[in-house]
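Chain and residue survey
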Amino acid sequence: MNISNNENNKDMRDAFFDEIYLSSMNNKNIVVITNDMDIYSLRELKTKRPNQFINVGVAEQNMINIASGLASMGMKVIIYGIAPFVVYRCYEQIKFNICSMNLPVTIVGIGSGLSFAFDGPTHHAIQDISVMNALPEMQILNPSDSDSAKHCSDLVLNSESPFYVRMDKGMHPKIHNSNKYEPFKIIKKFNNNVILSSGTIINNVIDSVKTKDIGIIDIISLKPFPAEIFNIIKDVENVIIIEEHSVTGGLGSIFSDHATIRNLKFNIHLIGFENKQILEYGSREWFYNQSGLDVKSLTKRIDKILNAE
């Protein structure tokens, strides 16, 4: 059943919430809570399952409190809002009311990275992985296309743990083709050099290395980080981390921490946003150009790494 739009050209949000909607038709314990956010599948849920949809308005901290109360009574709760408002604004409530009791609440933060570029610094989400990773109980997913977003919904609905799903908005090229959830996927085979990336920035990565002898792995599960990756890349020389997040606390930091714990040594290169506030306004493409995350800049930066003596 295709609820929102063409299966091969679907907004990531629709891909995720279509599955939530279909599951809610057979499971009255699924509840979605929003802060005035809208999407097609949620309109269907609101109309056909009004008792399973709550719009709290612009009251995000209360939204977390309501979610934790419902989850403690056996409900499977999905929170949906713009990432900075449901992460930074609600951090204390998430830490104590959800994580301290290890409740099965999924926080879907829309607008990963600079998805809402023109809306300015209040809407930028480039430190969200860092703060959510600091919560011991929280698991973190970062899908890169509609297919991976769809299967993330299956995972969270069948888990008893808190999740943060970091999701872009809009339609993006489909790079996965799977019938199940996968914590990571090898997008391009490799020998001695590999790029690890996460989220929709991987499309720029793919375009920047089409003719290069370097592999690409798309990381969907940032936490828990898939340990199998270290067996796969154990013989590589250069590991390049490219992410639409601050270079402090994101995928690069997570990977480096796990490599250090395992006493593994790689030449690790981090490419992302500098560890500073971004206070400018502009298009996403403009921000990419300014930060070296556009295809042309990535091509040059990767060439420099691969050609270094």
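Counting from 1, residues in each chain are numbered in the order their sequence is written. Local features are withheld for residues below a pLDDT of 70 in this predicted model, meaning they are given only at 70 or higher, and side-chain atom pairs are given and counted only at 80 or more; totals for whole chains, interfaces and linings count all residues. Water and hydrogen atoms play no part in the side-chain values, which are based on all heavy atoms of the structure.

Describing the overall build of the chain
Strands are runs of DSSP state E lasting at least 2 residues, helices are runs of H or I lasting at least 4, and numbering of each runs from the N terminus. Tallying secondary structure elements over the chain gives 12 helices and 12 strands in all. When we talk radius of gyration, it's over C-alpha atoms, and the globule rule is simply 2.2 Å times the number of residues to the 0.38. Taking 2.2 N^0.38 as the reference for a compact globule, 309 residues should give roughly 19 Å; the C-alpha atoms of the chain span a radius of gyration of 19 Å, in line with that estimate. Over its C-alpha atoms, taken along the principal directions, the chain stretches across nearly 60 × 40 × 40 Å. Any two residues whose heavy atoms approach within 4.5 Å are treated as being in contact. For the chain, restricting intrachain contacts to residue pairs at least 6 apart in sequence, the fraction spanning at least 24 positions comes to 74%. Accessible surface, the chain as shown: approximately 13,400 Å² in total, 47% of it carbon and sulfur. Computed over 30 positive and 34 negative side-chain charges, the separation of the two mean positions in the chain equals 2 Å. Under the convention used here, a 1.4 Å probe and the Shrake-Rupley method define accessible areas, while residue burial counts only the protein chains that appear. His is not counted, nor are the chain ends; Lys and Arg add positive charge and Asp and Glu add negative charge. Just so you know, the charge point we use is NZ for Lys, CZ for Arg, CG for Asp and CD for Glu.

Section: helix α10 (residues 251-261)
Only protein chains enter the accessibility calculation, which uses a 1.4 Å probe; a residue is then buried when its area is under 20% of its type maximum, exposed when over 50%, and partly exposed in between. Those residues of α10 that fall on the buried side of the exposure criterion are L251, G252, I254, F255 and A259. Angularly, the buried residues of α10 cover 165° about the axis, an arc narrow enough to put them on a single face. Among the exposed residues of α10, those oriented more than 90 degrees off its buried face are T260 and I261. Two residues or fewer past α10, N263 is found with a positive phi of approximately 55°. Throughout, the arc means that of the directions going from the helix axis to the C-beta atoms.

Quick notes on the confidence of the model for the chain
A residue's pLDDT is the confidence the predictor assigns to it, expressed on a 0 to 100 scale. Per-residue confidence for the chain gives a mean pLDDT of 94, with 97% of residues at or over 70. Confidence over residues 1-5 falls short of pLDDT 50; this stretch has 17 contacts with residues more than four positions distant or in other chains.

Observations regarding the nonpolar core
To form a nonpolar core, buried Ala, Val, Leu, Ile, Met, Phe, Trp, Tyr and Cys residues must be joined to one another through side-chain atoms within 4.5 Å. In this structure, I107, L196 and I233 are the most contacted members of the largest nonpolar core, which totals 45 residues. Excluding residues within four positions of it along the chain, I107 makes contact with I64, I79, V86, I94, I98, M132, M138, F163, Y164 and V165. Among the nonpolar cores identified, the runner-up in size contains 28 residues, and M12, F17, F163 and I220 belong to it.

Here we look at the sheet that holds strand β11 (residues 238-246)
Judged by pairing direction, the sheet is mixed, and its five strands sit side by side in the order β7-β9-β8-β11-β12 without closing on themselves. Where the open sheet ends on each side, the last strands, each with one partner, are β7 (184-188) and β12 (267-273). Within the sheet, the average angular offset between the axes of one strand and its neighbour, ignoring direction, is 20°. A pair of strands counts as paired when DSSP detects no fewer than two bridges linking them. Where β11 lies against β12, six bridges are found, and the strand directions are parallel. Residue pairing across strands places I240 opposite H269, the latter belonging to β12. Packed onto the sheet, helix α12 (residues 295-307) meets β8 (193-198), β11 and β12 and runs at close to 150° relative to β11. Lines fitted to the C-alpha atoms define the axes, with helices restricted to the stretch that makes contact. Angles between their N-to-C directions range from 0 to 180 degrees.

Concerning the packing of aromatic side chains
Aromatic ring pairs are defined here through the distance separating the ring centres and the angle between the ring planes. Centre distance within 6.5 Å is the pairing criterion for rings of Phe, Tyr and Trp, where only the six-membered ring of Trp is used; planes under 30 degrees apart are then read as stacked, over 60 as edge-to-face, and the remainder as tilted. Going through the model one piece at a time under the given rule, you end up with seven aromatic pairs. Summarising the aromatic geometry, the rings of F16 and F17 are spaced 5.0 Å apart at their centres and angled 80° between planes, so their arrangement reads as edge-to-face. You'll find F16 and F17 in the same group, each marked buried. Residues F255 and F266 carry aromatic rings whose centres are separated by 5.8 Å and whose planes lie at 45° to one another, so their mutual orientation is tilted. A residue pair is termed long-range when its members are at least 10 positions apart, and F255 in helix α10 and F266 in the loop between α10 and β12 qualify at 11 residues. Exposure class is identical for F255 and F266. Each is buried. Remark: a charge is flagged as sitting over a ring if the NZ atom of Lys or the CZ atom of Arg is within 6 Å of the ring centre and within 35 degrees of the ring normal. Across the ring face of F116, the terminal group of K169 is positioned such that the distance to the ring centre comes to 4.8 Å.

What about the pattern of salt bridges?
What counts as a salt bridge is simple: a side-chain nitrogen of Lys or Arg found within 4 Å of a carboxyl oxygen of Asp or Glu. For the structure on display, the rule yields 11 salt bridges. With a closest N to O distance of 3.4 Å, E44 and K48 form a salt bridge. Note that E44 and K48 are positioned in helix α2 (residues 40-48) at a spacing of four residues, about one turn of the helix. Close ionic contact of D303 with K212 constitutes a salt bridge, the shortest N to O distance being 3.4 Å. Taken together, the residues D303 in helix α12 and K212 in the loop between α8 (202-208) and β9 (215-219) connect sequence positions 91 residues apart. According to the relative accessible area criterion, D303 is partly exposed, its value standing at 28%. Among the ionic contacts, a cluster of salt bridges with common partners joins D168, E244 and R284.

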